[in-house]
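As a plain string of letters, each chain reads:
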Amino acid sequence: MSRADVRGEPVEESEATAPGTVPGPGPGAVRSPSPLWAFGLLRSELLITFRRWRTLALLAVLAAVPILVGIAVKIETSDGSSLGGGGGGGEGPAFISQISNNGLFLVFTALAATLPFFLPMAIGVVAGDAIAGESSAGTLRYLLVAPAGRSRLLLTKYATVIAFCLAATLVVAVSALAVGALLFPVGDLITISGTRITYAEGLGRALLIALVVAASLVGVAALGLFVSALTGSGIAAMATTVGLLITVQILDQIPQLDALQPYFFSHYWLSFADLMREPVYWDDLVKNLGLQALYAAVFGSAAWARFTTRDITA
């Protein structure tokens, strides 16, 4: 079955073009796509992305991280001793010292453990394959048959990657919530500031933290999409995106680069811990979201400029 058949967009004989060219509508065949058609394209992209074995494997790995962390903490504290956890400061890993007291802290710990590498790596793989994967599979030309259009297709691809950002983050959070409730006591919890909040309010903050973590990945998604638009090899695009992620994270740890580090997309990722303060500290959170919006705008525009002007031969 062809990619066009999967999307419900069969290519008529009259739309066929010579090899090496982008198919386009013939004379009198130009028609404007309806909003319903655009929604159908997005729905098709979502189904194809989330049905891939690679995507399911990535989500399974992300779901396994909270399980491993929860089991490790349970074994470590099985004799009644407390777990050392990085002290104060409010950084994400410090949550680990509270897991044995309240399972809800496993959500915060799991997000802090996956955000530096596992989550952005998964996003990088999906984003890097978005355009380059279609090109290497030879299906990109058929996706550009009228009434698709390059800008609409690129926007649909980016929306699909953003949906994966949210899905991946929620998989980690839900897995951690279930494991935390199964292995540890739950109830009212103590914030980083030392105040007590109810379990219901803690759940609300956990959801808000998950949404902030998902929003923290939109810059990586735009970067991956830009890299994907530069090459026709899906594997090369994925490897390049993941390599850039690792490089930026290393540079963010070098003290001599402290003047540049506030501009790295990963610099404020762990600022979500400030949502567990009373009152909430918004400064770094706002900086993080603003930085992600800037990366999304810059690399999204670069991806659009590249994709709308490149020659599509596959």
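Keep in mind that this is a model prediction, so the values were computed, not measured.

Asker: What is the right way to read the overall build of the chain from this model?
Answerer: Along the chain, the regular secondary structure elements total eleven helices and two strands. Residues classed as buried in the chain amount to 46% of the 314 residues present. On the chain, roughly 14600 Å² of surface is accessible, and the fraction owed to carbon and sulfur atoms is 66%.

Asker: Help me understand unusual backbone geometry, please; the structure alone is not making it clear to me.
Answerer: Of all residues except glycine, most have a negative phi; of all peptide bonds, most are trans. With an omega of 0 degrees, the peptide bond running from Glu 278 to Pro 279 counts as cis. As for its placement among the helices and strands, Pro 279 is situated in the loop between helix H10 (234–251) and helix H11 (283–307).

Asker: Help me out: how do you make sense of the packing of aromatic side chains in this one?
Answerer: Aromatic rings considered in pairs are described by the distance between their centres and by the relative angle of their planes. Evaluation of the coordinates by the stated rule reveals seven aromatic pairs. Ring centres of Phe 50 and Phe 164 lie 6.0 Å apart, and the angle between their planes is 45 degrees; on these two criteria the pair is classed as tilted. Note that Phe 50 is positioned in helix H2 (residues 35–51) and Phe 164 in helix H7 (residues 150–183), a separation of 114 residues in sequence. When the ring of Phe 105 is compared with that of Phe 108, the centres are 5.6 Å apart and the planes differ by 85 degrees; the resulting orientation is edge-to-face. With Phe 105 and Phe 108 both in helix H4 (residues 105–114) and three residues apart, this pair spans about one turn of that helix. Residue classification places Phe 105 among the buried residues on the basis of a relative accessible area of 3%. Through successive ring pairs, a cluster of aromatic residues spans Phe 226, Phe 265, Trp 269, Tyr 295 and Phe 299.

Asker: Mind showing me how you'd approach the nonpolar core here?
Answerer: For soluble globular proteins, nonpolar side chains are generally found buried alongside one another. Formed by 75 residues in total, the largest nonpolar core has its most connected members in Phe 108 and Phe 272. Only helix H3 (53–76), H4, helix H5 (118–137), H7, helix H8 (199–215), helix H9 (218–230), H10 and H11 provide two or more residues apiece to this core. The element that contributes the greatest number of residues to this core is H7, accounting for eleven residues. When sequence neighbours within four positions are dropped, the list of residues in contact with Phe 108 reads Phe 95, Leu 189, Gly 202, Ala 206, Ile 209, Phe 272 and Met 276.

Asker: Any chance you could explain the confidence of the model for the chain here in plain terms?
Answerer: Caution applies to low-pLDDT parts of the model: their predicted coordinates are not meant to be read in detail. Overall, the predicted model of the chain reaches an average pLDDT of 81, with 78% of residues at or above 70. Overall, residues 85–93 carries pLDDT values under 50, and its contacts beyond four positions in sequence, including any with other chains, amount to 16 contacts.

Asker: Could you clarify how one ought to interpret the packing of H5 against H9 in this entry?
Answerer: Packed helices, taken two at a time, are described by the angle their axes make and the gap between the axes. Between H5 and H9, the shortest axis-to-axis distance is 7 Å and the interhelical angle comes to 35 degrees. Crossing geometry of H5 relative to H9 is assigned as right-handed. Contacts between H5 and H9 pair Pro 120, Ile 123, Gly 124, Ala 127, Gly 128, Asp 129, Ala 130, Ile 131 and Ala 132 from the former with Val 220, Ala 221, Gly 224, Leu 225, Ser 228 and Ala 229 from the latter. Looking at side-chain class alone, the contact of H5 with H9 contains ten nonpolar, four polar and one charged residues.

Asker: Help me understand the packing of H3 against H4 in this model?
Answerer: Relative to each other, H3 and H4 sit at 120 degrees, their axes nearing to 10 Å. The orientation of H3 relative to H4 falls into the category oblique. For the crossing formed where H3 meets H4, the hand is right-handed. For the pair H3 and H4, the contacting residues are Val 65, Pro 66, Val 69 and Gly 70 in the first and Leu 106, Thr 109, Ala 110 and Thr 114 in the second. Classifying every residue of the contact of H3 with H4 gives five nonpolar, three polar and no charged.

Asker: What is the right way to read H5 from this model?
Answerer: Along an α-helix, a turn takes 3.6 residues, which lines up residues three or four apart on a common side. The terminal C-alpha atoms of H5, which comprises 20 residues, lie 26 Å apart, in line with the 28 Å expected from a rise of 1.5 Å per residue. The largest bend along H5 measures about 50 degrees and falls at Ala 130. Burial within H5 is extensive, with 16 of its 20 residues counted as buried.

Asker: How do you make sense of the environment of Thr 77 when you look at a structure like this?
Answerer: Structurally, Thr 77 is set in the loop between H3 and H4. Taking the C-alpha atoms as reference points, Thr 77 and Ser 100, separated by 23 residues in sequence, lie 7.2 Å from one another.

Asker: Would you mind going over the pattern of salt bridges with me for this structure?
Answerer: Should the charged atoms of two oppositely charged side chains come close, the side chains can pair. One pass over the full model with this rule turns up six salt bridges. One salt bridge connects Glu 278 with Arg 205, and the closest N-O pair in it is separated by 2.4 Å. Of this pair, Glu 278 sits in the loop between H10 and H11 while Arg 205 is found in helix H8, placing the two residues 73 residues apart along the sequence. A salt bridge links Asp 274 to Arg 277; the shortest N-O distance between them is 2.9 Å. Each of the two residues, Asp 274 as well as Arg 277, counts as buried.

The rules behind each value
Residues numbered from 1 in each chain as written. Predicted model: local features only at pLDDT ≥ 70, side-chain atom pairs only at ≥ 80, totals over all residues. Heavy atoms only, no water. Helix = DSSP H or I, 4+ residues; strand = E, 2+ residues; numbered from the N terminus. Buried < 20%, exposed > 50% of the residue type's maximum accessible area, 1.4 Å probe, protein only. Areas by Shrake-Rupley, 256 points an atom, 1.4 Å probe, with all protein chains shown as cover. Phe/Tyr/Trp six-rings, centres within 6.5 Å; stacked < 30°, edge-to-face > 60°. Core = buried A, V, L, I, M, F, W, Y, C linked by side-chain atoms within 4.5 Å. Contact = heavy atoms within 4.5 Å. pLDDT = per-residue confidence, 0-100. Axes fitted to C-alpha atoms, helices over the stretch in contact; angles between N-to-C directions. Left-handed = near helix turned anticlockwise from the far one by under 90°. Nonpolar A, V, L, I, M, F, W, Y, C, P; charged D, E, K, R; others polar. Parallel < 35°, antiparallel > 145°, perpendicular 65-115°, else oblique. Expected span 1.5 Å × (residues − 1). Bend = angle between axes of the 7 residues up to and from the residue. Salt bridge = Lys/Arg side-chain N within 4 Å of Asp/Glu carboxyl O.

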